[in-house]
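Inside the fold
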Amino acid sequence: MPAQPYQPRRLWRDVTLFDGYVTLPEPMAVMVAGESIERVMPMRELDRTEAEACETMGQGGVMTPGLVDCHTHLVYGGNRAEEFEKRLEGVSYEEIARQGGGILSTVNATRAASESELFELARPRLEALIREGITTVEIKSGYGLTVDDELKMLRVARRLGEALPVRVVTTLLGAHALPPEYAGDSDGYIDLVCREMIPTAAEQGLADAVDVFCEKIAFSVAQCERVFEAAEAHGLPIKAHAEQLSNLGGSAMAARHGALSADHIEYLDEAGVAALRKAGSTAVLLPGAFHTLRETQRPPIAALREAGVPMALATDANPGSSPLFMPTLMLNFACTLFRLTPQEALVGMTAHGARALGLHDRSLGRIVEGAPADLCLWDVDTPAELAYAVQPGRLRQRIFKGGVTHG
Ligand code: NIG
Ligand code: FE
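Residue numbers here run from 1 along each chain, matching the order of that chain's written sequence. Starting at A for chains and at 1 for ligands, labels are handed out in the order in which the entities are written. Thresholds applied to this predicted model are a pLDDT of at least 70 for local features of residues and 80 or more for the giving and counting of side-chain atom pairs; totals over whole chains, interfaces and linings are not thresholded and use all residues. Only hydrogens and water are set aside when side-chain values are computed; all heavy atoms of the structure are taken into account.

**As for the overall build of the protein**
A helix here means a DSSP run of H or I that spans at least four residues, while a strand means a run of E at least two residues long, and both kinds are numbered starting from the N terminus. In terms of regular secondary structure, the protein is built from 16 helices and 16 strands. A principal-axis box enclosing the C-alpha atoms of the protein has dimensions of 70 × 50 × 40 Å. Burial here depends on accessible area, computed with a 1.4 Å probe over protein chains only, as a share of the maximum for the residue type. Under 20% is buried, over 50% is exposed, and the range in between is partly exposed. Taken across its 407 residues, the protein has 58% of its residues classed as buried. Considering only contacts in the protein between residues 6 or more positions apart, those separated by 24 or more positions represent 72%. Put simply, the protein shows about 15,700 Å² of open surface, and 49% of that area lies on carbon and sulfur atoms. The contact criterion used throughout is that any non-hydrogen atoms of two residues lie within 4.5 Å. Only the protein chains shown count as cover for residues, with accessible areas throughout obtained via the Shrake-Rupley method and a probe of 1.4 Å.

**As for the side chain of Ser-321**
Take Ser-321: it is sitting in the loop between strand E13 (311-313) and helix H13 (327-336). Ignoring anything within four residues of it in the chain, the contact list for Ser-321 reads Tyr-93, Gly-288, Ala-289, Thr-292, Leu-293 and Asp-316.

**A word on the environment of Phe-18**
Mapped onto the elements, Phe-18 comes out in the loop between strand E1 (10-17) and strand E2 (28-33). Sequence spacing of Phe-18 and Thr-64 is 46 residues, and the spatial spacing of their C-alpha atoms is 5.0 Å.

**Notes on the site of ligand 1**
For ligand 1, the set of nearby residues contains 15 residues, the closest of which are Tyr-93, Tyr-143, His-176, Gln-244 and Ser-321. A distance of 2.6 Å separates an oxygen atom of ligand 1 from a polar side-chain atom of Tyr-143. Any pair of N or O atoms that falls within 3.5 Å is considered a polar contact. Within protein, one atom must be able to donate a hydrogen and the other to accept it, and sequence-neighbouring residues count only if both atoms are side-chain atoms. One nitrogen or oxygen atom from the side chain of His-264 is found 2.9 Å from an oxygen atom belonging to ligand 1. Starting from 320 Å² of accessible surface for ligand 1 in isolation, the protein chains cover 100%. Among the residues making up the shell around ligand 1, the classes are represented as 4 nonpolar, 9 polar and 2 charged. Nearness here has a simple test: a residue counts as near a molecule or strand if at least one of its heavy atoms is within 4 Å of that partner. Side-chain classes are defined by residue name, with Ala, Val, Leu, Ile, Met, Phe, Trp, Tyr, Cys and Pro counting as nonpolar, Asp, Glu, Lys and Arg as charged, and the others, Gly among them, as polar.

**Considering the sheet that holds strand E11 (residues 261-264)**
The 8 strands lie next to each other as E6-E7-E8-E9-E10-E11-E12-E13, forming an open sheet whose pairing is parallel. What marks the edges here is a single partner per strand, and that holds for strand E6 (67-69) and E13. Looking at each pair of strands side by side, their axes are set apart by 25° on average, direction ignored. A strand pair is defined by DSSP finding two or more bridges across the two strands. In the sheet, strand E7 (residues 134-140) pairs with strand E8 (residues 167-175) via 5 bridges, with the strands oriented parallel. From the neighbouring strand, Glu-138 faces E8, where its bridge partner is Val-169. Comment: axis = line fitted to C-alpha atoms, over the contacting stretch for helices; angle = value between 0 and 180 degrees taken between N-to-C directions.

**What about unusual backbone geometry?**
Positioned with a positive phi, Ser-363 is a non-glycine residue whose angle comes to about 60°. When you line up the elements, Ser-363 lands in the loop between helix H15 (351-356) and strand E14 (375-378). Of note in this structure, Lys-401 is not a glycine but carries a positive phi near 50°. Note that Lys-401 resides in the loop between strand E15 (395-400) and strand E16 (403-406). Since its relative accessible area comes to 34%, Lys-401 is described here as partly exposed.

**Some thoughts on the nonpolar core**
Nonpolar side chains in soluble globular proteins generally cluster together in the buried interior. As used in this record, nonpolar core signifies buried Ala, Val, Leu, Ile, Met, Phe, Trp, Tyr and Cys residues forming a set joined through side-chain atoms within 4.5 Å. The biggest cluster of nonpolar side chains holds 104 residues, and the ones touching the most others in it are Leu-126, Val-137, Val-227 and Leu-304. Per element, the largest residue contribution to this core is 8 residues, and it comes from helix H7 (residues 186-203). Setting aside residues no more than four positions away along its own chain, Val-227 makes contact with Ala-175, Ile-190, Val-193, Cys-194, Ile-198, Val-210 and Val-212. Membership of the second largest hydrophobic core comes to 14 residues, among which are Met-28, Ile-367, Ala-371 and Leu-377.

If you want it as structure tokens, here you go:
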């Protein structure tokens, strides 16, 4: 075996550490070897000789795990500024969808775009997330709605992860909307998703999970359940857009299938909360969509908290319901709109974000020994300030797989 080039351990000293769950009560030191966190210790335990053998990379500031955005739709063509104006005039998201606009207008633009065009369009969106501390991002398909166009989107997502310093997790969202060529035959389209899209995406290793949109303007609980059965047959974990606009029971059904997460969930009821708790699924909160659609029904935060359902937080970055590419704004929205504490919001974008992606087994989203060294060092005095002020530019250093990518 060729000898590894010598690389000193890297050390961050005197940081206020939020470890993915809590803020440690005293100044901490974090030591990184290769791509992983080797040691996390109070400063008073840091041995001087040992420290001198390390390369000191940073001192002071607040250190958090690299942020995890567990729900995005970053790959798409076109934009929906016109729809934004219509909604401001009082036309609802649902009405626009029923008129063939909304998601379907993005489908047209996405189908018309080549793979490299989609890549170039998505790159600056992802770079915006990276600049704000995202080190793991989930990217969904769902604007192709043919086998070829869905695979095209997933390939773009994979390529983004190869080109940029960020972990990309892909999700096949074939059951996002009914494409016009299947009008009046939604079961026929679900057949296509189950019999062709899922098997091909699985065979080509393009999807890490399968998602559905369970809603009156999308697919029924029974149709979504068929999609989940196909995903299970191909060994793919599942998640659901559910209870966003109405309470159909999609989250409870997804939970019965062991879903990683139920996302949006503004209209989730007590039974839905209990189902998530029983299944160990994560509730993914998307205050960007709540804000953009000027929704008034809040997710049942108190009940989720009471039941101990892990709450994750994501941007839902997409051209329609959440054209928002700023993770720290979501920390603020989670507190101001959904009444999370700043700590809960941060857990939502670190440890619980990783859980919603099934990555918590590898300690992703945590600062503990053995976890991947994905870290953010912020120019603030306390972690709560990240949620308190909406102020880009506070990321002093971003560390991905042990290497400093910014700062
Ligand atoms: O997460 N709810 C459905 N899907 C996306 C929105 C997609 C769109 O409007 O383009 C969401 O909100
Ligand atoms: Fe979404």
